Amino acid sequence: MGFQPTESDPCLYVRRENGSAAYILIYVDDMIIVTQTMEEFKTILKTLQEHFTVADLGDIRHFLGMEIENSPSGYKLNQETYIRRLTERFGMELAKPSKIPLDPGYLQKKEEMDQLPNNHDYMSLIGGLLYVAVHTRPDIAVSTSILAQKSSCPNSHDWTEAKRVLRYLYTTSNNKLHLGTSNEGLQMFDDADWAGDSHDRKSNSGVLIMFGGGLISWGSRSQSCVALSSTEADFVALAEGCQDTIIEGFVVNRSTQQFTEEQLVHLNDGLGYAVIQKSDMEQIMDMETAISRNIEQQDQNTARNIVANAIKEGQHGATNHDERRILKEKHESGQRQRRKSTEDHIGI
């Protein structure tokens, strides 16, 4: 039949003949066939039916728990049925609606809460939320990612916020993700908070990747290192976004061949708007790796850890003025050393 698996996804097969492209996407016993003409579709289907038992279900309407609508403005995806079933499974269909997926002050609360007797229900709910967040609802990606980090030992507050996300989903279950239909190329948008988690002072990165004017990939994750400044947190987020963009660009380029690797992405990291080439993105990732390794090597002896321990101890008894002054001087000295090391890696 002439189909070849793509290097980026072995379940996606592509064939190009006479200037037209055809795609077959396979997941276990489910299959999607995409062609440019109905004649080509019928030919592919007939060939498959000669070797396998294949049923033609017509235009795609459901796939892996997703509902797909073909409208004049393009394809729209949602998981309304899945969300309703998930809500009913946890007995939340009559709960009070929520207009936000997560309490804005959730990460800033420091008081100790009672841990749940076990994490079975919590992990089950988080798993269901992640399935929705990954496929059709980027608006809960951040909140679900943050709550997923608490899966090993969740407390009552974590459980309340997880149910808030479910209430928000149920309230907005008819929201749909519009796929792009324009000729716009690959675009990546990234951002990061700084020390968003009051417990470990780590920042959270967020990445959105668009193609054709519509979202194709998104994600939020906790950074592996503790950033000393908002600039450093943004730089780490930029490097992570570049990694995701190179992967998505590889998928799109191999399947559509609509752009070259030299101009891979338009970047908006909150500081400006620019065109980033692949070689530049690889350099950014190399610098971020060097910075992260430098942080890890010095992590046990940095003034930041000393200050963090002092703050933790200060919850039980405040240090005196001289101790605070010494800790501040060590902290500032550590900042200067870290800044110089970072500038050396970047080449400033």
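Up top is the structure.
Note that the coordinates shown come from a computational prediction; the quantities given were computed from them, not determined experimentally. (Residues numbered from 1 in each chain as written. Predicted model: local features only at pLDDT ≥ 70, side-chain atom pairs only at ≥ 80, totals over all residues. Heavy atoms only, no water.)

**Some details on the overall build of the chain**
- Helix and strand content of the chain: 9 helices and 13 strands.
- Relative to its 348 residues, the chain shows a buried fraction of 40%.
- Counting contacts in the chain only where the partners sit at least 6 residues apart, residues at least 24 apart contribute 62% of the total.
- With the model as given, the accessible surface of the chain reaches about 20300 Å², and the carbon-plus-sulfur share is 51%. (Helix = DSSP H or I, 4+ residues; strand = E, 2+ residues; numbered from the N terminus. Buried < 20%, exposed > 50% of the residue type's maximum accessible area, 1.4 Å probe, protein only. Contact = heavy atoms within 4.5 Å. Areas by Shrake-Rupley, 256 points an atom, 1.4 Å probe, with all protein chains shown as cover.)

**A look at the sheet that holds strand β5 (residues 62–63)**
- Spatial ordering of the open sheet is given by β5-β6-β7-β8, a layout of 4 strands whose pairing is antiparallel. Unpaired on one side and paired on the other, β5 and β8 (177–178) mark the two borders of the sheet.
- In the sheet, β5 pairs with strand β6 (residues 66–71) via 2 bridges, with the strands oriented antiparallel. Its bridge partner being in β6, His62 is matched across the sheet by Glu67. (Pairing = 2+ DSSP bridges.)

**Comments concerning the packing of helix α2 (residues 80–89) against helix α3 (residues 120–135)**
- Relative orientation of the contacting elements α2 and α3 amounts to 170°, with a least axis distance of 11 Å. Our classification of the angle between α2 and α3 gives roughly antiparallel. For the pair formed by α2 and α3, the contact residues are Tyr82, Ile83, Leu86 and Arg89 on the first element and Ser124, Gly128, Leu129, Tyr131 and Val132 on the second.
- When its residues are assigned to classes, the contact of α2 with α3 shows 6 nonpolar, 2 polar and 1 charged. (Axes fitted to C-alpha atoms, helices over the stretch in contact; angles between N-to-C directions. Parallel < 35°, antiparallel > 145°, perpendicular 65-115°, else oblique. Nonpolar A, V, L, I, M, F, W, Y, C, P; charged D, E, K, R; others polar.)

**Let's talk about the sheet that holds strand β2 (residues 12–17)**
- Spatial ordering of the open sheet is given by β1-β2-β3-β4, a layout of 4 strands whose pairing is antiparallel. In this open sheet, the two edge strands, each paired with only one partner strand, are β1 (4–5) and β4 (30–34).
- By the bridge criterion, 5 bridges tie strand β3 (residues 20–27) to β4 in an arrangement that is antiparallel. Counterpart to Ile26 in the pairing with β4 is Met31.

**Structural notes on the nonpolar core**
- Ranked by size, the top nonpolar core spans 22 residues in total, and within it Phe90, Leu125, Leu129, Ile140, Leu147 and Leu166 carry the most contacts.
- Residue assignment for this core shows that the elements contributing at least two residues are α2, α3, α4 (141–148) and α5 (156–171).
- The contact partners of Leu166, leaving out residues within four places of it in the chain, are Leu86, Thr87, Phe90, Met92, Leu125 and Leu129.
- In terms of nonpolar packing, the next biggest core, distinct from the first, is built from 9 residues, Met66, Ile68, Leu177 and Trp218 among them. (Core = buried A, V, L, I, M, F, W, Y, C linked by side-chain atoms within 4.5 Å.)

**Concerning the packing of aromatic side chains**
- Applying the stated rule across the entire model yields 3 aromatic pairs.
- Between Tyr82 and Tyr131 the ring centres are 5.2 Å apart and the planes differ by 50°, which places this aromatic pair in the tilted class. Residue Tyr82 is located in helix α2, and its partner Tyr131 is located in helix α3; the two are separated by 49 residues in the primary sequence.
- One aromatic cluster in this structure is built from Phe90, Tyr122 and Trp159. (Phe/Tyr/Trp six-rings, centres within 6.5 Å; stacked < 30°, edge-to-face > 60°.)

**Overview of unusual backbone geometry**
- Look at Val28: it is not a glycine, yet its phi comes out positive at around 55°.
- Among the secondary structure elements, Val28 is positioned in the loop between β3 and β4.
- When its relative accessible area of 72% is taken as the criterion, Val28 is described as exposed.
- Look at Leu64: it is not a glycine, yet its phi comes out positive at around 55°.
- Within the secondary structure layout, Leu64 lies in the loop between β5 and β6.

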